[in-house]
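# Structural overview for review
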Amino acid sequence: MKDYLVFRLYGPIASWGEIAVGENRHSFSYPSKSAIMGLLASALGYKREEEEKHILLTQSLSFGVKVYSPGILLRDYHTVQVPPSKGKIIYSTRKDELREKLELNTILSSRDYRMDAMYDVCIRKKKQEIDLVEIQKKLNEPIFSLFLGRKSCVLSSPVFASLVNANDLFLAFSKYEQNLKERFKKENINYFFENEKLKSNFIEYIWEDEGDENADIRTRRDEVLSRKRWQFSERKEFYKSEVKQNVPIQS
Amino acid sequence: MNRFIQLHLLTSYPPSNLNRDDLGRPKTAIMGGVNRLRISSQSLKRAWRTSDSFKEKLSTHIGIRTKEMGIQIFESLKEKGVKDKDAKDWAKSIVGVFGKLKGEKKESPNNDLEIEQLAHFSTEEKTMIEALIAKLASEKRAPKEEELKLLKKENSSADIAMFGRMLASSPSFNKEAAVQVAHAITVHKVAVEDDFFTAIDDLNKNDVDAGAGHLGDTEFGAGLFYLYICIDRNLLLENLNGDRNLTNQTITSLLEACTTVSPTGKQNSFASRARAMFCLAEKGNQQPRSLHVSFLKPIEDKDMLAKSIDEIEKMRMNFEKVYGKCSEGEKSFNVLKGEGSLESISSFIKED
């Protein structure tokens, strides 16, 4: 039996950054390891520049994601008006920046989001110096506010971080959901996560560490090497999906 | 101290096109599988940040607005015994941080010390400039580049403290936003509508061509929007260099802006200015969560506003039943019933 910390990520829109340079900011269909570690760091109150803490966190934890719904793509056309850069001038307010209307330039930025997406995340510790109970506490009462990849992508339900003891992460996920469902049932409240739109026809699992011969192996470049220099190294993860209902797959 | 302040707003916009995509259509999003109108986070923030009400509310903290700061610095350096030429060069490099300088002019010798546009100097910036002048005069040297950069680094601008700043070219000026603003989306299903229009040529007497002078179409939509904002009070306080008064003032000006200021998009065609009909404020240290799920199933009731308010309040209670306490306290106003006020929410969210 192993200890897992499981929590739920749900919000109307989410954005899980992929490798992006320039105008188009794409979104992956599930949170990457760096996104989850960033979320935990936010809960724990780590600042961006506290590099050692971020690296320790990343190296000490392995993660898994259960995708209930990968969401529908939203491509947001976004323009930003910017003043020309004039030597040393630093603008102190947005109003200040936009004063010289005729000199403003426009930057285009197309940003991708996922609508109606829902995930459960589980983490397991690889090193002794990390305390899962502390992380659980901080997720439920975070130091900085949590968000789904972008600050405007707010969480729309409590993450309900819970410690689960189970044989493997798949069982940990199902124990967690069962527990949550029972809480709704006990209070006689509709389990809104069962909404048809928050479910897809198949459930996907992405995880690291616990090998499985039926799983695909994927390589992703999202293990944090340095947040300051924005460097990431390659990391292997496993992927598995199971069909949930016997219905034709929607496009 | 309660770390998080959460605001939930319901604002009803008549036919409008407040926030458009690259085709000029109102922006939309899908939630709970149905199409809804959307006003993006960035659009809302821009409207608030550039609104007059925002500036006025924070004006006691706005230092001074002038083109002539350079001349003051120049005089002050001279007074402290700095040679004319040095004083001018140093003054120019200091004030050059705040704006583009005017050119030289024969008839007014100090013309090149003035900034082309009015620049805003906060109280802190003024104090720092004075300190720098004293230092330069006593050490008899020109300002260093880092000293010039410092002038604006600690600016306590409420605007950037709230919404953050990212400068790829100089990361030391970056600030982490203390306020989260979600995209506003309608609580109900919306289909964007087309308005086909023609413009008549007033001088066309129909003798040769009876057609219209111009044909076009505008897309628009109307809806009741749910907007969620989460303020991290501790981070805001830190961004504002620990100034508690300013933090409170900033929070209340944000409340005022988000309940009263509408985005400016197509306002001349639609005059869709609106105020929030309902506002619920919560404060606490618990993990913030929006109440979007109240509308996951789109509202279809004829009495949409009343039903939406009910759903928000019901969902807040249900969350607490299932997950335990989600905040330490809440307060609301409801324009439909004439209950509560902006004033009372304002004093509720100020630091206790």
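Everything below is about the structure printed above this text.
Residues numbered from 1 in each chain as written. Chains lettered and ligands numbered in written order. Predicted model: local features only at pLDDT ≥ 70, side-chain atom pairs only at ≥ 80, totals over all residues. Heavy atoms only, no water.

## Things to note about the overall build of chain B
Cut-off, in case you're wondering: Each helix corresponds to a stretch of at least 4 residues labelled H or I by DSSP, and each strand to a stretch of at least 2 residues labelled E; elements are numbered beginning at the N terminus. C-alpha atoms define the radius of gyration, and 2.2 Å times the number of residues to the power 0.38 defines the globule rule. Partly exposed describes any residue whose relative accessible area lies between the buried limit of under 20% and the exposed limit of over 50%, with all areas from a 1.4 Å probe on protein chains only and scaled to the type maximum. Every accessible area reported is derived by Shrake-Rupley at a probe size of 1.4 Å, with residue values counting cover from the shown protein chains alone. Counted charges follow a simple rule, with Lys and Arg positive, Asp and Glu negative, and His plus the chain ends left uncounted. By convention, the charge on Lys lies at NZ, on Arg at CZ, on Asp at CG and on Glu at CD.
In terms of helices and strands, chain B carries 12 helices and 11 strands. The C-alpha radius of gyration of chain B comes to 26 Å, more than 25% above the 20 Å expected for a compact globule of 352 residues. Taking the principal axes of its C-alpha atoms as reference, chain B extends roughly 75 × 75 × 35 Å. Taking all 352 residues of chain B together, the buried fraction comes to 53%. With an accessible surface of roughly 16100 Å², chain B has 49% of that area assigned to carbon and sulfur atoms. The distance from the centre of the 52 positive side-chain charges to the centre of the 52 negative ones in chain B is 3 Å.

## Details of the interface of chain A and chain B
Threshold: Contact definition: two residues touch when any of their heavy atoms are within 4.5 Å. Buried surface area refers to the total accessible area, computed with a probe of radius 1.4 Å, that the two partners give up upon joining, counted for both partners together. A pair is scored as a salt bridge if a Lys or Arg side-chain nitrogen falls within 4 Å of a carboxyl oxygen belonging to Asp or Glu. Any pair of N or O atoms that falls within 3.5 Å is considered a polar contact. Within protein, one atom must be able to donate a hydrogen and the other to accept it, and sequence-neighbouring residues count only if both atoms are side-chain atoms.
Between chain A and chain B, the residue contacts involve 54 residues of the former and 66 residues of the latter. Summed over both sides, the interface of chain A with chain B buries roughly 5200 Å², with 58% coming from carbon and sulfur. Between the two partners, chain A and chain B, sit 5 salt bridges. One salt bridge in this structure joins Glu238 of chain B and Lys47 of chain A, with 2.4 Å as the shortest N-O distance. Linking chain A with chain B are 25 residue pairs in polar contact (both at pLDDT 80 or more).

## With respect to the packing of aromatic side chains
Note the threshold: Pairing of aromatic side chains requires ring centres within 6.5 Å, counting the rings of Phe and Tyr and the six-membered ring of Trp. Pairs whose planes differ by under 30 degrees are stacked, by over 60 edge-to-face, and all others tilted.
Taken as a whole, this structure holds 20 aromatic pairs over all chains when the rule is applied. Between Phe160 of chain A and Tyr323 of chain B, the aromatic rings sit 5.4 Å apart at their centres with planes inclined by 70 degrees, giving edge-to-face as the arrangement. A residue pair is termed interchain when its members come from two chains, as with Phe160 of chain A in the loop between helix H4 (132-140) and strand S8 (162-166) and Tyr323 of chain B in helix H11 (residues 304-323). Overall, Phe160 of chain A belongs to the buried group, its relative accessible area being 11%. Their ring planes at 45 degrees and their centres at 5.9 Å tell us that Phe319 of chain B and Tyr323 of chain B sit as a pair that is tilted.

## Observations concerning the nonpolar core
Selection rule: As used here, the term nonpolar core means buried Ala, Val, Leu, Ile, Met, Phe, Trp, Tyr and Cys residues forming a set that is joined through side-chain atoms within 4.5 Å.
Ile135 and Leu139 of chain A are the most contacted members of the largest nonpolar core, which totals 92 residues. Apart from the residues within four sequence positions on either side, Ile135 of chain A is in contact with Leu5, Leu40, Leu44, Leu57, Leu61, Ile123 and Ile130 of chain A. Counting residues in each nonpolar core, the second largest holds 45 residues, with Tyr13, Leu18, Leu37 and Phe163 of chain B among its members.

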